[in-house]
Structure formats: C-alpha cells, structure tokens
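Residue-level structural notes
One-letter residues, chain by chain:
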Amino acid sequence: MSEPRKSGLGAPLFEQAIRDLDPDKRIVVLELGALRSGTVALFTAYRCRLDVADLPTNLPKLQALEEAEERRLVLQDTLCWPDAEPLDLVLCWNLLNYLRREDIRTLVEMLQPRFASHTRLHALMEYASPLMPATPGFWIPDAESRLHASQVDEEQIEAPRYKPKELERLMPQLAPERTVLLGNGLQEYLFRPRG
C-alpha cells in the first residue's frame, strides 16, 4: 500500500534546520517575513523567542529608494530590536530575491552581530524560472516542517537568479552548509557563519 501524498513543498534543509534545534534549550528565531500562525505553531514546541521583522511591509519603500544610505536606514529600522539576542535560526524564505545586491550585503552585515557559531540562515532562491511573482507572498510551515506558499500576486517580474558564488560574495560572513534544488525550481540554502 502506498503512502498518502503529502501536501506542501518538501524543503529538506528547512526540515533539517528545525530538526536540529534543541527542544531542551531556549532558542531565538528571526522571521524576516510577516508573522504567520503556522510559524508560531511550529515553534510552540520550543522555548522560543520569535523576532518578526516583517520585511515585506517595507519592500515597496525599499525598492522605491535609489540612495544606498536611505535603503540602509529602512533596513536598520526593519531589523531594530532594543534587546537583540544571538540567533539560532534566520528565516529568509524567498525575500532575498526581492532585494538588490547591495541590500543583501547590508542585511547580512546588520545581522552579523547576532550570529553565533551555530546560527543558521535559511533561504529559498529563484533558480530555474526567469520570472517570479512581483511580490514575495507568504511561506507558512506546517507541523511536519513542509512549506505552503500563499501567493496571490499573478503579476510577474524578472527573477534575479543569484548564483551560489555570487551569494557567497554578497554574504562573505556566511558559508553555504548545504544547497538543494527543489522540485518547484527554487534553490534551497542553509548557511552558517564562517569561522
């Protein structure tokens, strides 16, 4: 008898990052997207601090600005916490696809003070398709760490399709731990701090 087919996107590196979290220790997770009930539910099994940046809300403002310093200030406001703690996991979802190269560099520079040796950064990058939705939509994990995309934007824009070596140049503080090409054409990444 065959197993029932599971819904959602199997993202093995996301599943690995969740599986490797220690349920006996307090963890700190940075959600770069908007807060979703699935994310909250997934981390209820842990003693978890969940910082939510809600970068999608600031993307239109960020994309409209030409001056690098103005964009830096928007990112700084997005990532500002008065009592920032070292991070165990950063959830980027597909948001890096919507940032300029220099903004990716700035984002990681701003996060670096919160990196610990065990910090992991998870990202889904456009790889196979030359086009992507004009807005990032939402990614919602379920209890089995499978991902469900909530994509309402039918308008398409050109996908940056950042190559692995380019991402390493943009984020020299991080080294790719693993990368996997998913069935939907997205490249899944799990990064760790270098050194």
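What comes next is a walk through the structure. (Residues numbered from 1 in each chain as written. Predicted model: local features only at pLDDT ≥ 70, side-chain atom pairs only at ≥ 80, totals over all residues. Heavy atoms only, no water.)

1. As for the packing of helix α3 (residues 55-64) against helix α4 (residues 68-78)
- For the pair α3 and α4, interaxial distance at closest approach is 10 Å and the crossing angle is 170°. Taken together, α3 and α4 sit at an angle that is classed as roughly antiparallel. For the pair α3 and α4, the sense of crossing is right-handed. Where α3 abuts α4, its residues L55, N58, K61 and L62 lie against R71, V74, L75 and T78.
- Counted by class, the contact of α3 with α4 contains 4 nonpolar, 2 polar and 2 charged residues. (Axes fitted to C-alpha atoms, helices over the stretch in contact; angles between N-to-C directions. Helix = DSSP H or I, 4+ residues; strand = E, 2+ residues; numbered from the N terminus. Parallel < 35°, antiparallel > 145°, perpendicular 65-115°, else oblique. Left-handed = near helix turned anticlockwise from the far one by under 90°. Contact = heavy atoms within 4.5 Å. Nonpolar A, V, L, I, M, F, W, Y, C, P; charged D, E, K, R; others polar.)

2. Comments concerning the pairing of strand β9 (residues 174-181)
- Pairing of β9 with strand β10 (residues 186-193), which is carried by 7 bridges, proceeds in the antiparallel orientation. In the strand pairing of β10, A175 is matched with R192.
- The antiparallel hairpin formed by β9 and β10 contains 4 residues in its connecting segment, where G185 sits at a positive phi of about 90°. (Pairing = 2+ DSSP bridges.)

3. Some points on the pattern of salt bridges
- All chains considered together, the criterion is met by 15 salt bridges.
- Linking R71 and E102 is a salt bridge whose minimum nitrogen-to-oxygen distance equals 2.6 Å. Here E102 lies in helix α5 (residues 101-111) and R71 lies in helix α4, a separation of 31 residues in the sequence.
- In this structure, the salt-bridge partner of R194 is E168, at a minimum N-O distance of 3.2 Å. Residue R194 is located in the segment after β10, and its partner E168 is located in helix α6 (residues 164-170); the two are separated by 26 residues in the primary sequence.
- Looking at R194, the relative accessible area reads 43%, which means it is partly exposed.
- Since its relative accessible area comes to 21%, E168 is described here as partly exposed. (Salt bridge = Lys/Arg side-chain N within 4 Å of Asp/Glu carboxyl O. Buried < 20%, exposed > 50% of the residue type's maximum accessible area, 1.4 Å probe, protein only.)

4. Overview of the sheet that holds strand β1 (residues 26-31)
- Strand order in the open sheet made by the 6 strands is β2-β1-β3-β4-β10-β9, with mixed pairing throughout. Edge positions in the sheet fall to β2 (47-52) and β9, since each of these pairs with one other strand and no more. Across the sheet, the mean angle from the axis of one strand to that of its neighbour is 20°, orientation sign disregarded.
- Alignment of strand β3 (residues 87-93) against strand β4 (residues 115-126), held across 5 bridges, turns out to be parallel. Looking at β4, one finds that L91 is bridged to H122.
- Helix α1 (residues 12-19) contacts β3, β4, β9 and β10 of the sheet and is inclined by roughly 35° relative to β10.

5. As for the packing of aromatic side chains
- For the structure on display, the rule yields 3 aromatic pairs.
- Ring geometry for F14 and W93: centres 5.4 Å apart, planes at 45°, overall tilted. Of this pair, F14 sits in helix α1 while W93 sits in strand β3, and the two are 79 residues apart along the sequence.
- On the basis of relative accessible area, F14 is assigned to the buried category, the value being 0%.
- On the numbers, 6.2 Å between centres and 50° between planes, the contact of F43 with Y46 is tilted.
- For F43, a relative accessible area of 3% puts it in the buried group.
- The ring of F138 carries the charged tip of R36 above its face, separated from the ring centre by 3.5 Å.
- The residue whose ring lies beneath R114 is W81, and the NZ or CZ to ring-centre distance is 5.3 Å. (Phe/Tyr/Trp six-rings, centres within 6.5 Å; stacked < 30°, edge-to-face > 60°. Lys NZ or Arg CZ within 6 Å of the ring centre and 35° of its normal.)

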